[in-house]
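The residues making up each chain are set out below.
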Amino acid sequence: MEYPSNVILLLLQLLLQRQQTLAHHNKSLDLAQLLRDPIVDKEVLDQFQNHKLVKMYSPELSNLHLRALKGLVTDLFTYGIPSAESPQGQETNVITLANHYYNKRIGELTLIELPELRQEIKNLLPE
Ligand SMILES: *[C@@H]1O[C@H](CO)[C@@H](O)[C@H](O)[C@H]1NC(C)=O
């Protein structure tokens, strides 16, 4: 997945909220089923495209078509969670994916961004 994990995480968060809203308003929809096979609609697209995180980190995604966003979500599910990280039998759904990208994001912050920040601060301090 070539997009930053914080952008993917945002998409999963918006998807989760949207599925909860849909399930809440339509009793014939099953939330567990929606989380395994989320509805990707105009509402999710609008929220995602107009989010400042997307504009900042992945501006190329800010004029995405619905079809492309659906493709992106399908890719996320297809790519899934590395088996080393996923206990056997754990299903791939919006929540387990979000958990995976959350851990990935924390890993990036710890390994890359925090040391960079520390270095920047060090450079700013007088010797
Ligand atoms: C509720 O969901 C079902 C199953 O997807 C759908 O057929 C139906 O049209 C929906 N009802 C409303 C009011 O949106």
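Computed from a predicted structure; not experimentally measured. (Residues numbered from 1 in each chain as written. Predicted model: local features only at pLDDT ≥ 70, side-chain atom pairs only at ≥ 80, totals over all residues. Heavy atoms only, no water.)

### Quick word on the site of the ligand
Selection rule: In this text, near means that some heavy atom of the residue lies within 4 Å of the molecule or strand in question. Identification of polar contacts relies on pairs of N or O atoms within 3.5 Å, with a donor-acceptor requirement for protein atoms, meaning one able to donate a hydrogen and the other able to accept it, and with residues adjacent in sequence counted only if both atoms are side-chain atoms. Every accessible area reported is derived by Shrake-Rupley at a probe size of 1.4 Å, with residue values counting cover from the shown protein chains alone.
Taken together, the residues surrounding the ligand are Asn26, Ser28 and Leu29. Measuring from an oxygen atom of the ligand, one finds a side-chain N or O atom of serine 28 at 3.2 Å. In isolation the ligand exposes 360 Å². Once the protein is present, 25% of that is buried.

### Remarks on the confidence of the model for the protein chain
Put simply, the rule reads: What pLDDT reports is the predictor's confidence in each residue, on a scale of 0 through 100. Secondary structure elements are taken from DSSP: a helix is a run of H or I of four residues or more, a strand is a run of E of two residues or more, and numbering for both begins at the N terminus.
On average, the protein chain scores 91 in pLDDT, and the residues at 70 or more come to 97%. Mean pLDDT in the protein chain bottoms out at helix 6 (residues 94-124), which sits at 88, and peaks at helix 3 (residues 42-49), which reaches 97.

### Quick look at the packing of helix 1 (residues 5-25) against helix 5 (residues 66-79)
Worth spelling out the cut-off: Interaxial angle, 0 to 180 degrees, is taken between N-to-C directions of lines fitted to C-alpha atoms, where a helix line uses only the stretch in contact. Working definition: roughly parallel below 35 degrees, roughly antiparallel above 145 degrees, roughly perpendicular at 65 to 115 degrees, and oblique for all remaining angles. Whether two residues touch is decided by their heavy atoms; if any such pair falls within 4.5 Å, the residues are in contact. Three classes are used, and their members are as follows: Ala, Val, Leu, Ile, Met, Phe, Trp, Tyr, Cys and Pro are nonpolar, Asp, Glu, Lys and Arg are charged, and the others, Gly among them, are polar.
Running from amino to carboxyl end, helix 1 crosses helix 5 at an angle of 100 degrees, the nearest separation of the two axes being 12 Å. Compared by their axis directions, helix 1 and helix 5 come out roughly perpendicular. Of helix 5, the residues touching helix 1 (which contributes Ile8, Leu11, Leu12 and Leu15) are Leu69, Leu72, Val73 and Leu76. For the contact of helix 1 with helix 5, a count of residues per class yields 8 nonpolar, no polar and no charged.

### Looking at helix 6
Stated precisely, the cut-off is as follows: Fitting axes to the seven residues ending at a residue and to the seven starting there, one defines the bend at that residue as the angle between these axes. Think of it in three bands: residues with accessible area under 20% of the maximum for their type are buried, residues over 50% are exposed, and the middle band is partly exposed, with areas taken using a 1.4 Å probe on protein chains only.
Of all the bends in helix 6, the greatest measures close to 40 degrees and is centred on leucine 109. Three or more residues of helix 6 are buried, namely Val94, Thr96, Leu97, His100, Tyr101 and Arg105. N-cap assignment for helix 6: the residue whose side-chain oxygen lies 2.8 Å from the backbone N of isoleucine 95 is asparagine 93.

### Structural notes on a nonpolar patch on the surface
Inclusion rule: Exposure above 30% relative accessible area and no salt bridge define the residues that can form patches, which grow by joining like charges within 9 Å and nonpolar side chains of Val, Leu, Ile, Met, Phe, Trp and Tyr within 5 Å. Should a side-chain nitrogen of Lys or Arg be within 4 Å of a carboxyl oxygen of Asp or Glu, the pair is scored as a salt bridge.
A contiguous nonpolar patch, built from Leu114, Leu117, Ile121 and Leu125 and spanning about 360 Å² of accessible area, is present on the exposed surface. Take leucine 114: it is sitting in helix 6.

### Brief notes about the nonpolar core
Let me state the cut-off plainly: Take the buried residues of types Ala, Val, Leu, Ile, Met, Phe, Trp, Tyr and Cys, join any two whose side-chain atoms come within 4.5 Å, and each joined set is a nonpolar core.
Membership of the largest hydrophobic core comes to 26 residues, with the highest contact counts inside it found for Leu11, Leu12, Leu15, Phe48 and Leu69. Among the elements of the structure, helix 1, helix 3, helix 5 and helix 6 are those that each provide at least two residues to this core. The dominant element in this core, judged by the number of residues it contributes, is helix 1, at 8 residues. Dropping the residues within four chain positions of it, leucine 12 is found in contact with Leu76, Val94, Leu97, Ala98 and Tyr101.

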